[in-house]
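Each chain, letter by letter, is given below.
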2 protein chains.
Amino acid sequence: MSDLKDGICADRFWLDREHCCWSANDSAFKDNDCKSWTTWPEMFHYYERDWLYGTLDFFFFVLWAVAMAGLAVSLVRTFAPYACGSGIPEIKCILSGFVIRGYLGKWTFVIKSVGLILASASGLSLGKEGPMVHLACCIGNIFSYLFPKYGLNEAKKREILSASAAAGVSVAFGAPIGGVMFSLEEASYYFPLKTMWRSFFCALVAGVILRFVNPFGSDQTSMFHVDYSMRWTFMELIPFAMLGIFGGILGSLFIWANIRWCAYRKNSRWLGANPVYEVIIVTAITGAMSFFNPYTRKSASALIKQLFDRCGPEDYTMDLCDYNRNITYGVVVDKVDDNYHTGDLGNGLHTAFMQLIMALGAKLLFTIFTFGVKVPSGLFVPSLAMGAIAGRLLGIKVEGLTYALQQSYPNSELWTCQIGRDCAMPGLYAMVGAAAVLGGVTRMTVSLVVIMFELTGSLEFIVPTMAAVMFAKWVGDAIYRRGIYDAHIELNGYPFLDNKDEYPYSTVAGQVMRSSAEMRLIEQHSMTVGELEALLRETNCNGFPVVNDHRQMLVVGFCTRMDLNAVLKNARKTQQYVTTNSPVHFSTDVDLVNQSFPSQQFLVVDDRQQQQQSSAFVSGDNVVPSSTYAGVPVPLQLGHIMDVAPMTVADQTPMETVIDMFRKLGLRTTMVTTNGRLLGIITKKDILTFMREGEH
Amino acid sequence: MSDLKDGICADRFWLDREHCCWSANDSAFKDNDCKSWTTWPEMFHYYERDWLYGTLDFFFFVLWAVAMAGLAVSLVRTFAPYACGSGIPEIKCILSGFVIRGYLGKWTFVIKSVGLILASASGLSLGKEGPMVHLACCIGNIFSYLFPKYGLNEAKKREILSASAAAGVSVAFGAPIGGVMFSLEEASYYFPLKTMWRSFFCALVAGVILRFVNPFGSDQTSMFHVDYSMRWTFMELIPFAMLGIFGGILGSLFIWANIRWCAYRKNSRWLGANPVYEVIIVTAITGAMSFFNPYTRKSASALIKQLFDRCGPEDYTMDLCDYNRNITYGVVVDKVDDNYHTGDLGNGLHTAFMQLIMALGAKLLFTIFTFGVKVPSGLFVPSLAMGAIAGRLLGIKVEGLTYALQQSYPNSELWTCQIGRDCAMPGLYAMVGAAAVLGGVTRMTVSLVVIMFELTGSLEFIVPTMAAVMFAKWVGDAIYRRGIYDAHIELNGYPFLDNKDEYPYSTVAGQVMRSSAEMRLIEQHSMTVGELEALLRETNCNGFPVVNDHRQMLVVGFCTRMDLNAVLKNARKTQQYVTTNSPVHFSTDVDLVNQSFPSQQFLVVDDRQQQQQSSAFVSGDNVVPSSTYAGVPVPLQLGHIMDVAPMTVADQTPMETVIDMFRKLGLRTTMVTTNGRLLGIITKKDILTFMREGEH
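Just so you know, these numbers come straight off a predicted model, no measurement behind them.

Enquirer: Help me understand the overall build of chain A in this model?
Expert: Check the secondary structure of chain A and you find 28 helices and twelve strands. Per-residue burial over chain A gives 58% buried out of 696 residues. Here chain A has roughly 29700 Å² of accessible surface; of this, 59% comes from carbon and sulfur atoms.

Enquirer: Is there a simple way to think about the state of the cysteines in this case?
Expert: In the structure shown here, the tally under the stated rule is one disulfide over all chains. Of all cysteine sulfurs in the structure, the one in C137 of chain B sits closest to C93 of chain B, which takes part in no disulfide; the separation is 13 Å.

Enquirer: I tried to follow the relation of the copies chain A and chain B on my own but got confused; where do I start?
Expert: Both copies of the chain are related by one operation, a rotation about an axis with a shift along it. The two copies are related by a screw operation: chain A maps onto chain B through 180° of rotation and 0.1 Å of translation along the axis, at an RMSD of 0.2 Å. In the structure described here, the two chain copies are related by an operation that fits a two-fold rotation axis. Proximity to the rotation axis, assessed at the C-alpha, singles out G676 of chain A in chain A; its C-alpha lies 2.0 Å from the axis. By residue overlap, the copies meet face to face through one surface: 100% of the interface positions of chain A are interface positions in chain B.

Enquirer: Can you help me understand the domain arrangement of chain A in this one?
Expert: When the parts of a complex come together, some accessible area is lost, and that lost area is often used as the size of the interface. Residues and elements named next belong to chain A. When its domains are assigned, chain A resolves into domain 1 (2-213), domain 2 (234-491) and domain 3 (509-695). Domain 1 puts 46 residues into the contact, and the matching count from domain 2 is 43 residues. Along the contact surface separating domain 1 from domain 2 lie two salt bridges. The set of elements that each furnish at least two residues to the side of domain 1 that touches domain 2 consists of α3 (51-79), α4 (88-95), α5 (106-121), α6 (129-144), α8 (154-173) and α9 (176-187). For the side of domain 1 that touches domain 2, the element with the most residues is α3, which contributes 14 residues. Residues of the side of domain 1 that touches domain 2, tallied by class, amount to 26 nonpolar, twelve polar and eight charged.

Enquirer: Just to check I follow, could you spell out unusual backbone geometry for this structure?
Expert: Generally, phi is negative for residues other than glycine and the peptide bonds are trans, each holding for most cases. Residues and elements named next belong to chain A. A positive phi is found at R443, a non-glycine position, where the angle reads about 65°. Along the polypeptide, R443 turns up in the loop between α18 (426-442) and α19 (446-456). Given a relative accessible area of 5%, R443 falls into the buried group.

Enquirer: Would you mind showing me how to read the side chain of S96 of chain B here?
Expert: Residue and element names in this part refer to chain B. Inspection of the secondary structure assignment puts S96 in the loop between α4 (88-95) and α5 (106-121). The exposure class of S96 is buried, given its relative accessible area of 5%. For S96, the side chain forms a polar contact with the main-chain oxygen of C93, separated by 2.9 Å.

Enquirer: Would you explain the packing of aromatic side chains in this entry?
Expert: Describing an aromatic ring pair means giving the distance of the ring centres and the angle of the ring planes. Residue and element names in this part refer to chain A. Under the counting rule described, the total for this entry stands at 42 aromatic pairs over all chains. Aromatic pair F173 and F380: ring centres 5.4 Å apart, planes at 35°, arrangement tilted. Here F173, found in helix α8, pairs with F380, found in helix α17 (residues 380-408); they are 207 residues apart in sequence, far enough to count as distant. Its relative accessible area of 2% is what places F173 among the buried residues. Overall, F380 belongs to the buried group, its relative accessible area being 2%.

Enquirer: Could you clarify how one ought to interpret the pattern of salt bridges in this entry?
Expert: As a working rule, side chains carrying opposite charge can pair if their charged atoms are close by. By the definition in use, this model includes 29 salt bridges over all chains. For E278 of chain A, the salt bridge goes to R265 of chain A, with nearest N and O atoms at 2.8 Å. Of this pair, E278 of chain A sits in helix α13 (residues 275-290) while R265 of chain A sits in helix α11 (residues 237-267), and the two are 13 residues apart along the sequence. For the pair shown, E278 of chain A and R265 of chain A are each scored as buried. R482 of chain B is the partner of E490 of chain B in a salt bridge, and the nearest nitrogen-oxygen pair spans 3.0 Å. When salt bridges that share partners are traced, they join K92, E186 and D486 of chain A into one network.

Enquirer: Looking at this structure, I do not really get the interface of chain A and chain B. What am I missing?
Expert: Counting residues at the interface gives 63 residues for chain A, matched by 63 residues for chain B. A combined buried area of about 6100 Å² lies between chain A and chain B, and 73% of that area is made up of carbon and sulfur atoms. It is W197, F200 and R211 of chain A in chain A that bury the most area against chain B; as a group they hold 11% of the surface buried on that side. For the pair chain A and chain B, the interface holds zero salt bridges. Applying the counting criterion to the chain A and chain B interface returns six residue pairs in polar contact (both at pLDDT 80 or more). Looking at the side of chain A that touches chain B, the elements with two or more residues in it are α8, α9, α10 (193-213), α19, α20 (462-479), β7 (555-560), β10 (648-650) and α27 (655-665) of chain A. For the side of chain A that touches chain B, the leading source of residues is α10 of chain A, giving eleven residues.

Enquirer: For this particular structure, what's the right way to read the sheet that holds strand β6 (residues 543-547) of chain A?
Expert: Remark on secondary structure: sheet strands pair via backbone hydrogen bonds, oriented parallel or antiparallel. Residues and elements named next belong to chain A. In spatial order, the strands read β4-β6-β7; together these three strands make up an open sheet with mixed pairing. This sheet does not close on itself; its edge strands, each paired only once, are β4 (522-523) and β7. Inspection of the sheet shows β6 paired to β7 by five bridges, in the antiparallel sense. Across the sheet, the residue bridging to F544 is C559, located in β7. Here helix α24 (residues 561-574) sits on the sheet and contacts β4, β6 and β7; the angle it forms with β7, its principal contact strand, is near 75°.

Parameters at a glance
- Residues numbered from 1 in each chain as written.
- Chains lettered and ligands numbered in written order.
- Predicted model: local features only at pLDDT ≥ 70, side-chain atom pairs only at ≥ 80, totals over all residues.
- Heavy atoms only, no water.
- Helix = DSSP H or I, 4+ residues; strand = E, 2+ residues; numbered from the N terminus.
- Buried < 20%, exposed > 50% of the residue type's maximum accessible area, 1.4 Å probe, protein only.
- Areas by Shrake-Rupley, 256 points an atom, 1.4 Å probe, with all protein chains shown as cover.
- Disulfide = S-S within 2.5 Å.
- Least-squares fit on C-alpha atoms with pLDDT ≥ 70 in both.
- Contact = heavy atoms within 4.5 Å.
- Domains from an automatic or database assignment.
- Salt bridge = Lys/Arg side-chain N within 4 Å of Asp/Glu carboxyl O.
- Nonpolar A, V, L, I, M, F, W, Y, C, P; charged D, E, K, R; others polar.
- Polar contact = N/O pair within 3.5 Å; in protein donor to acceptor, adjacent residues only side chain to side chain.
- Phe/Tyr/Trp six-rings, centres within 6.5 Å; stacked < 30°, edge-to-face > 60°.
- Buried area = accessible area lost by both parts, 1.4 Å probe.
- Pairing = 2+ DSSP bridges.
- Axes fitted to C-alpha atoms, helices over the stretch in contact; angles between N-to-C directions.

Right, dumping it as structure tokens:
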């Protein structure tokens, strides 16, 4: 569908340009162009390659791009609003315990699959890796409903989703280990070893299937396979570190600009109401500007592949490999010769150099405005492309410098270039640059290195890549503290408790809690149904601590609003003897209740009632003594809806420990006590507020 | 030093055989043998290669082995008993919070370094990877004392140790990412992302330095670099899975036998008292038996390298590559030809096959008795060697089978062998087998796969390796539940709370706790110095809960035995007015104390005393009102030694949650309460006992 923007295969319309020309077995086949492949002007029988041809070509290119992007955004808007974006920020939140209903549903899955194809084909500056992770998580979520053990237990389901995220990356990049690492480092919140093994297995199966399906039609499972061997010298660690620093700066700039634009979009009424127009405008501008630069016109994957590659002896026709060959060391050599890398740039390479600089700027601009529009869009591939361009540019410069140094100091040990051997390899710099920029944008480290070397299959460059990624993270964190995903989480205000930072403040829990004096509590034995209903009406807390009485304030348990609401409504509906004045008891100890309301009270109950009462006991229903005696209201026993083991912390507990407990145990609320007496409560929201304030 | 067992370099005694022959520039150089290299019989001017030569050769081989091993064990025994073994089980415990004084000290470091060289050179069946991790942790520990922030804080120090473990593996295998993964999966207990980045950086620096030092004298950073490209077909996943199953079985057998032998050693008086003799006997037997088999005689690393390698066209002189070449498909081909792999075994290969089987058995036997003796000993390399042998054996068989099938069904799609191309590559099977056996022994998964492909540099085989490792883990866990390190931890009875397993019992905290009725408590305000001293004398608990009084039993704090002991002794020594009857107050609220003991009490204090009193206040010392009034004993204020924020759980908390808290928050003890009243306490020991009982 990407090639549809250029033309169509005359014989078999479903083939892309490469396969069209292959199947045509055309003798005029050259550079992926052949007679069977019909460009749009040719389709309308206009064969002359002049300005009209160019205009028609341009027109159809943009038209198709706009049509596909428009279709994608309309589908997303109409059927599944959650299908837009990369989905990784939301999945991070879901894996940390936040529930977004429908985010991983089947409609999201279907629409995102279709939308992703259309959006990728439209030539927008977006990648398919983030959406692939989202799609994999949708599959994980949908399948988990087949197994009640997982479908009904949110914690178990999150284990499945962690493994799904790993499989998503495994398939998107052909990188099974990288997938596991991505899930560990970026996506997942809790990642115990057990989940790691399962993710590992999931990624393994994904890897086997990918290899079996063989979608790229090659023997390689790695997307950007680099099959030449390269050496690097220690001096080159300096340019690699420079690439890392550049990656950090570019990444931060991108995050800052993108967040600013997204915040503007959030507040702008016109943009908010017209996402379709926004996408169409962005696509039209992207298409129009991309058309004139060969490096932006081709797909980002193809560009990355080209930039990672070396210039072979036979590649001298390509602009990117146009070195002046016959002047090195004063030895005149042939064009087609091993000694093709001289560092002395030819005209073609000068042109390519300028085009690449413009492509870098254009890609940055496009991606800033694209990431966040209402189509499925990832940013791995655009980031890699930007980095690969920057790296290649630096590589070409370093190559020239190295040859110059080599000629000046031919006996130096530092620059070991020999005639017929490469000195600095621009392809390697492209790889390192790609990793650096992606590192600057996402702030991943280990997973990124693993993904990069599964992508390229070259183990030799693990150390340069590591160095660049490390620098990118340091510089990036210094400039803009959050990675792109965390920045989007913050922008959208999701309740995500970041588990990366340390908060070494000397605050204690007692200083952060909401005091129990300001809130409404439940007393264990002395409240009535009416009072509880008033409590629910007058407050909007999500839960209430239960204390033994309001003087002693000893913590007995915790009741959520939802449970309380449900059980009171149910009691009012089904138990006719429950009145507003019915006392309510929060205790699991049934004997105690019976003791307080001596048994003679229940002696007058008729048989039917008696039966109902005992069945209520057995079925664990909410009414214990469901009878009324001489007008005395029936007491309600609600011990079973109370969490009898709520988490408590002492008021002197350092906040660092409290935050640790929230993160590691996945708490939503904890009660603060001193000597067993309730002092107040701390919720996840309080922690988030506290941490945000701590930053300033 | 390994080559010293065979002979010595005549010109330069410090060179090994390979470098000796290289530097000699000998024209007679062949198969690493040359004139400069003098064997021991030759040293004594006996050149004739007959039975006497052989006997002398054998005698010196064993003699040197015994001498080196004996020296190693004597050093370890005399100077640093902790220097023995691999150290990984102990490091796991240390990283989980257990303190073993001196285990990571400088003596351990020095002796283990020297001992490791000697032990490796002695030809014992041991590896150097585990000890390398231990050495790296020693360095991390020693260096951390230079930075008080880390040296004085056990938790911070453990972060350093986690990174050290990563660096250790990074250097041992030339596998920086593998090192990080090893630290994550096997060594570390808590591994937050922050520690991961630091480990990553540490491993990166280790990798750069390794590459700079270049100890193997090659351009490759990977130890067993495989530079040929191989394909595998889907049918081959069956033998790969078989290798995985075999690895699980062999690993479990090894663990079982090794643990049995180590348990026997623990209980045997003679073995316990004479570790030197044990090592000498094991070394003598290993040396004597290894001498006669070329595959056990050479070093394990060299063996692995050979087994991983392919048979090149020029390798037909080697036994391992002796295929009958000229009968395939009826086409007579030359000996030196591309079509060297026929699957039809020659005589040499038959011999090699038998020798390899014997080598496998011998290695298994040696390693069972070697791992655990009192010399530095790892088991990565022996395990890899066993696996590589098994894999190579299977590979040769599969190769033969494939060719046979190919000849029977030449048009089948399943077995795509062509003349001149390899069908099944025995070297690949060796790699997969090595991973499988190491997986069966250690039960690592992701880290093992990463290490394997950093070791070999071949990305293509990540899926076969993953499959084999997965099967090895499944089968291994089914046969013997623990990996070798966990098994040794259990054998030694270290207090290690395994964070891998789930314990889905429906027990609650109240059922597991030690009841407060059975233990001694501290009351906040009503105890005297004498009573506390009696408490310390009469019990051996490591800490005591502090309650407000023995009727209400509200939890106020927790006091450790060590602090209490120290502060009471100090008070007795320095404060002359403290008597056995002095009341003790555990409260941080000084006003409260002053209130209970009205100020006029202190009016009679003389000037000197007054000064001392205020200085006691300022310096935070333990005595608050250090005066005596008319024979009334001086009250002691010990609030500052009490942990005022102890962790508490409700008695109805499920044990699963409690275990989770112990694991994730690194607790040593928690108090069990109901409605704020103390019911009992649970210590880490109680949890370990509970979990062990749960298993049966």
